[in-house]
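Understanding the architecture of this molecule
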Amino acid sequence: MDQQITLDTIIQAHNRIRPYIHRTPVLTNQTINDMVGASIFFKCENFQKIGAFKARGGVNAVLQVVANNEGKAITTHSSGNHAQAVAFAARLMGLPAYIVMPSNAPQVKKDAVKGYDAEVIECEPNLAAREQGVEEVIARTGAVLVHPFDNDRVIAGQATASKELLEDYGQHHPFDTIFIPVGGGGMLSGTALAVHYLSPQTKVIGCEPEGAADAILSFKSGKVEKAPYIKSVADGLLTTLSERTLAIIKEHVSDILTVTDEETIAAMKLVWERMKIVIEPSSAVALAVVIKYKSKFIGQKIGVIFTGGNVDLGKLPF
């Protein structure tokens, strides 16, 4: 999987997954625009199949596993949204799926994975345990690993969200900046590539919780770093970049900015109250960055991808 992700790769991914995903809506909100002094277009992947953008990469990868006859079962490790995406895609293709999930993953996400007929294997909440769990599944079942972000097929699939945003709202007046939450970097690197090919004058900024700040360290040092500590309400962003995603981010991302959990929760609450839509904390990180650093972006045309809306309603942070 060392192929170069070209514009053609992204176009082919979009054509491949189009029958199985939603072309999600783009919303605006005057109150939020006035608050930040910019014009923001929110790409609502919280309305995507499985409630998150991850459906794009998961479906693109699984369809290619099937097309190339690479295996008869699928496995991955994920705290939730990618787990659902792979389970959803595997069921579409009639393949069994074995999903390794940390024991502290939101129950709503575990239940959703089981709802797609996948087997959930719980593990300790750390990367080593996740990877060991997947190795055991592969040894037992011969399943093919669809990694949550360290996979060109997944990255190409994630790139299709910003491709749609640019096609629908960036043709006549290009975006100045697009803001993307960053965990493992699949969506950020996919977006950066799509923007590089389709709107090269647009900047891409990664948005990260202070309580999982590995990407900003990696971005500055040029090598994959671990976060000094992991504690954030943004449960979808607690992973570390891979060499693959960091290489793309170093080349095509302008900056990475961080926010506190308090800032993220305030942004999430603002969206629920003013836009009347459900987003999860990981989604709110991008808007929180725009609000915190608004003086840098006054007067700009901005894109924000709301990455998902899978919230445990019994454990809201507000």
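The structure we're discussing is the one just above.
Residues numbered from 1 in each chain as written. Predicted model: local features only at pLDDT ≥ 70, side-chain atom pairs only at ≥ 80, totals over all residues. Heavy atoms only, no water.

Looking now at the layout of surface pockets. Over the atoms rolls a probe the size of a water molecule, and its path tells where empty space is left. In this model, the largest pocket occupies a volume close to 800 Å³. Lining the largest pocket are 28 residues; nearest its centre among them are Ser79, Asn104, Ser232, Asp235 and Leu238. Secondary-structure elements contributing two or more residues to the lining of the largest pocket are α5 (107-115) and α6 (127-141). Grouping the constituent residues of the lining of the largest pocket by class yields 13 nonpolar, 8 polar and 7 charged. (1 Å grid on protein atoms, 1.4 Å probe; cavity = no way out; pocket = protein on both sides within 12 Å on 5 of 7 lines; lining within 4 Å. Points joined across faces, edges and corners; volume = space filled by probe spheres on them. Helix = DSSP H or I, 4+ residues; strand = E, 2+ residues; numbered from the N terminus. Nonpolar A, V, L, I, M, F, W, Y, C, P; charged D, E, K, R; others polar.)

The next subject is the side chain of His14. With respect to the secondary-structure elements, His14 resides in helix α1 (residues 7-17). Judged by its relative accessible area of 1%, His14 falls in the buried class. Excluding residues within four positions of it along the chain, His14 makes contact with Arg23, Arg56, Thr160, Lys163, Glu164 and Glu167. (Buried < 20%, exposed > 50% of the residue type's maximum accessible area, 1.4 Å probe, protein only. Contact = heavy atoms within 4.5 Å.)

Right, let's get into the sheet that holds strand β10 (residues 301-306). If you walk across this open sheet you meet the 6 strands as β1-β2-β10-β7-β8-β9, and the pairing is mixed. Each edge of the sheet is formed by a strand with only one pairing partner; in this case those strands are β1 (26-27) and β9 (255-259). In this sheet, strand β2 (residues 39-44) lies alongside β1 in antiparallel orientation, the contact comprising 2 bridges. Counterpart to Leu27 in the pairing with β2 is Phe42. (Pairing = 2+ DSSP bridges.)

In summary, soluble globular proteins display a tendency toward joint burial of nonpolar side chains. The biggest cluster of nonpolar side chains holds 33 residues, and the ones touching the most others in it are Ile40, Phe42, Phe179, Leu287, Val304 and Phe306. Going through the elements one at a time, α2 (30-36), β2, β8 (203-209), β9, α11 (261-275), α12 (281-292) and β10 are the ones with two or more residues in this core. Tallying contributions element by element places α12 first for this core, with 7 residues. Leave out the neighbours within four places in its chain, and Leu287 touches Ile32, Ile40, Phe42, Ala267, Leu270, Val271 and Val304. Listed in part, the 30 residues of the second largest apolar core include Ile21, Val86, Val120 and Val144. (Core = buried A, V, L, I, M, F, W, Y, C linked by side-chain atoms within 4.5 Å.)

Turning our eyes to something else, we now look at the pattern of salt bridges. Inspection of every chain in the model, using the stated rule, returns 17 salt bridges. Across the salt bridge formed by Asp117 and Arg91, the nearest N and O atoms sit 3.8 Å from each other. On the criterion of sequence distance, the pair formed by Asp117 in the loop between α5 and β5 (119-123) and Arg91 in helix α4 (residues 81-93) is long-range, its members being 26 residues apart. A relative accessible area of 61% places Asp117 in the exposed class. Classification of Arg91 by relative accessible area gives partly exposed; the value is 42%. As a salt-bridge pair, Glu122 and Lys110 come within 3.2 Å of each other at their nearest N and O atoms. Of the two residues, Glu122 is situated in strand β5 and Lys110 in helix α5; the sequence distance between them amounts to 12 residues. For Glu122, a relative accessible area of 45% translates into the label partly exposed. For Lys110, a relative accessible area of 3% gives the class buried. Taken together, the shared-partner salt bridges in this structure form one network comprising Arg23, Lys163, Glu167 and Asp168. (Salt bridge = Lys/Arg side-chain N within 4 Å of Asp/Glu carboxyl O.)

What follows covers the packing of aromatic side chains. In this structure the tally under the stated criterion is 6 aromatic pairs. Relative to Phe306, the ring of Phe42 lies with its centre 4.7 Å away and its plane at 15°, an arrangement referred to as stacked. Residue Phe42 is located in strand β2, and its partner Phe306 is located in strand β10; the two are separated by 264 residues in the primary sequence. For the pair shown, Phe42 and Phe306 are each scored as buried. Ring centres of Phe88 and Tyr116 lie 5.8 Å apart, and the angle between their planes is 65°; this geometry places the pair in the edge-to-face category. Residue Phe88 is found in helix α4, and its partner Tyr116 is found in the loop between α5 and β5; the two are separated by 28 residues along the sequence. Through a chain of ring-to-ring contacts, the aromatic side chains of Phe41, Tyr169 and Phe175 assemble into a single cluster. Sitting above the plane of the Phe41 ring, Lys301 keeps its charged end 5.2 Å from the centroid. The residue whose ring lies beneath Lys301 is Phe175, and the NZ or CZ to ring-centre distance is 4.7 Å. (Phe/Tyr/Trp six-rings, centres within 6.5 Å; stacked < 30°, edge-to-face > 60°. Lys NZ or Arg CZ within 6 Å of the ring centre and 35° of its normal.)

Moving on, we get to empty space enclosed by the protein. Across all of its chains, the model carries 1 cavity of 30 Å³ or more by this definition. Looking at the largest cavity, its volume works out to about 330 Å³. Lining the largest cavity we find 27 residues, and of these Phe53, Lys54, Gly184, Gly236 and Leu237 sit closest to its centre. If you list the elements that add at least two residues to the lining of the largest cavity, you get α4 and α8 (186-198). Looking at which element gives the most residues to the lining of the largest cavity, the answer is α8, with 3 residues.

Residues spaced three or four apart along an α-helix point in a common direction, a consequence of the helix completing one turn every 3.6 residues. Its 18 residues give helix α7 (residues 152-169) an end-to-end C-alpha distance of 26 Å, which sits within 8% of 26 Å, the value for a rise of 1.5 Å per residue. Within α7, the axis deviates most sharply at Ala161, by approximately 25°. Of all 18 residues that make up α7, 15 are buried, and the element is covered over most of its length. For α7, the N-terminal cap is Asn151; the gap from its side-chain oxygen to the backbone nitrogen of Arg153 is 2.8 Å. (Expected span 1.5 Å × (residues − 1). Bend = angle between axes of the 7 residues up to and from the residue. Polar contact = N/O pair within 3.5 Å; in protein donor to acceptor, adjacent residues only side chain to side chain.)

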